Amino acid sequence: MEAQIAYIFDPEKFYKSGKDMLDVLTQYLKDIQQDTISVNQWMSSSDLSAQWTRILSSNPTFKELVSCVIDHSIHLHHPHYIGHQVSAPAPQVAVVDMMVSLLNNGMGVYEMGASGSIIEKIMVDRFCQSFGYQTGSGFFTSGGTLANLTVMLAARQSKGLTDIWEEGADLKLALIVSEQAHYCVDRAARIMGWGSKGIIKIPVDDDYKMRTELIPDYISQAEKEGVKVIAIVGSAPSTSTGKYDDLERIASYAEEYNLWFHVDAAHGGPAIFSGKYKALLKGCERADSIILDTHKMMLTSALATAVLFKNAEDSFSAFHTKAHYLWEDSQEYDWDNLAQRTFECTKQMIALRVFFLWQLYGVELFDQHVTYLFDLARKFGTMIDADDDFEMFLKPDSNIICFRWVAIDKTDVELDEFNQHLRRTVLEDGQYYIVQTVLNNRTWLRLSLMNPLTTEAHLDSLISYLKQKAKEISAVSNT
Ligand SMILES: *Cc1c(COP(=O)(O)O)cnc(C)c1O
């Protein structure tokens with residue numbers, strides 16, 4: 001055997017580097033939790049490229065490389081990470097991921113991932129049960145974006161009148177969604193060849209929920225233009241605002257017009273586990289399909305999305321592919337050959353992450369997590385509301401909240417620029433990580449409270465910090 005190959009496959013070397021890594025990551029978690037390093041060390045991409053070039057020229061060790069990766073990554077476990085909707089994974093999930101990666105079972109067919117397939121089924125069944133799908137089924141796939149596309153392909157086979165998978169599309173089809181939906185729903189329609197007429201965006205009301213009363217008008221308008229609407233997607237919640245659509249009302253329209261009803265619960269599906277907040281999802285049990293990302297509100301690493309169908313057989317309809325080298329004919333509708341139902345062929349054992357958490361700590365873990373973060377956003381809303389320097393966009397439904405710095409003597413356009421400047425300053429300073437969005441043509445600062453280690457005290461200090469930065473910016477622009 002070549003020396004290098006022998007070296008990298010030596011189990012003792014694995015143990016040594018694993019232990020080094022564990023030491024580094026454990027110290028990292030301690031540092032993060034005590035705020036001895038800041039959430040982000042901002043560097044422009046050109047500066048960081050130059051730094052990496054320098055480091056690589058010095059022949060770095062394993063530990064040095066690891067440190068450099070960590071130093072120039074954003075720290076999701078830091079209590080000041082309040083930006084995008086990616087979870088700070090439970091550290092134990094990273095340990096499970098080590099096994100997932102090492103075993104590397106592909107799971108396209110049962111024999112290439114027996115335990116992975118069984119565990120995926122156990123998790124899908126648990127989710128179906130939680131959402132009230134008595135005879136449901138589903139699978140895991142790599143992210144909400146792909147999950148939504150997969151569901152729309154199934155909807156097309158179910159409601160599209162002809163077998164589009166076999167014959168191609170003659171009819172012009174469309175789906176309905178709120179104008180606040182995640183952009184991947186728009187992409188799914190376009191990927192399916194439906195074009196811009198294939199994605200009908202319904203305006204939102206003052207609370208940024210889909211104006212469901214407009215659904216009949218939009219359907220008849222589409223019909224006049226020769227477009228057949230086959231599906232409607234509810235957001236639970238929509239990404240920018242964190243607002244849940246009224247799923248009950250959408251369900252009723254879907255039933256009346258014979259539409260496929262899909263709930264994009266990528267972010268907020270796990271509210272189903274919260275005794276306090278599950279009512280936000282009322283109506284989802286009437287949907288034909290639901291997706292949820294475990295890597296957002298269920299404390300796992302990315303990507304791992306559950307795709308659930310109310311009727312088990314619909315879970316087979318997105319890809320009517322015959323791949324004879326993988327499946328014998330008789331196996332075509334067996335649940336255990338997962339690649340029949342997913343876009344992926346090889347797929348990691350991604351359901352193991354959420355499975356281990358659920359199995360070891362119980363489903364209450366997710367109740368605690370979701371309830372705490374949704375509560376925390378409401379508390380932040382109260383703080384912002386009470387402060388004249390800030391304006392809250394809307395009372396939060398979930399753990400996403402938008403607000404902005406305001407001052408009486410500025411126009412809206414000046415305020416937009418000011419808040420963009422403020423957010424840029426925060427990014428480059430690195431003490432906190434928050435993001436921004438545009439709503440109603442105005443710029444808003446946006447928080448997603450993802451980290452269970454973030455407390456009210458951290459949010460209190462965020463407010464003081466933002467005021468301080470705003471003051472500094474004003475002072476500079478006044479001179
Ligand atoms: C995050 C999100 C998506 C996209 O999911 P990915 O896992 O990032 O691909 C889709 N829809 C909603 C509502 C989301 O919040």
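Before reading on, note that the structure itself is shown above.
What counts and how
Residues numbered from 1 in each chain as written. Predicted model: local features only at pLDDT ≥ 70, side-chain atom pairs only at ≥ 80, totals over all residues. Heavy atoms only, no water. 1 Å grid on protein atoms, 1.4 Å probe; cavity = no way out; pocket = protein on both sides within 12 Å on 5 of 7 lines; lining within 4 Å. Points joined across faces, edges and corners; volume = space filled by probe spheres on them. Nonpolar A, V, L, I, M, F, W, Y, C, P; charged D, E, K, R; others polar. Near = heavy atom within 4 Å. Polar contact = N/O pair within 3.5 Å; in protein donor to acceptor, adjacent residues only side chain to side chain. Areas by Shrake-Rupley, 256 points an atom, 1.4 Å probe, with all protein chains shown as cover. Axes fitted to C-alpha atoms, helices over the stretch in contact; angles between N-to-C directions. Helix = DSSP H or I, 4+ residues; strand = E, 2+ residues; numbered from the N terminus. Left-handed = near helix turned anticlockwise from the far one by under 90°. Contact = heavy atoms within 4.5 Å.

A. Representation of empty space enclosed by the protein within the structure. With the rule as written, the count across this model stands at one cavity of 30 Å³ or more. Here the largest cavity defines a volume of roughly 30 Å³. Surrounding the largest cavity, T241, F393, L394, P396, I400, I401 and C402 form its lining. Residues of the lining of the largest cavity, tallied by class, amount to six nonpolar, one polar and no charged.

B. The arrangement of the site of the ligand in detail. The local shell around the ligand holds 15 residues, among which G144, T145, D264, D293 and K296 are the closest. Measuring from an oxygen atom of the ligand, one finds a side-chain N or O atom of T145 at 2.7 Å. Contacts to the ligand include H295, whose side-chain N or O atom sits 2.9 Å from an oxygen atom. Relative to its unbound accessible surface of 380 Å², the ligand loses 88% to contact with the protein.

C. Just the packing of helix α2 (residues 11-33) against helix α4 (residues 62-71), in detail. Interaxial distance between α2 and α4 falls to 11 Å at its minimum, and their mutual angle equals 30 degrees. The hand of the α2/α4 crossing is right-handed. In this structure, α2 uses S17, D20, M21, V24, L25 and Y28 to contact α4, whose residues at the interface are F62, K63, V66 and I70. Residues that form the contact of α2 with α4 fall into these classes: seven nonpolar, one polar and two charged.

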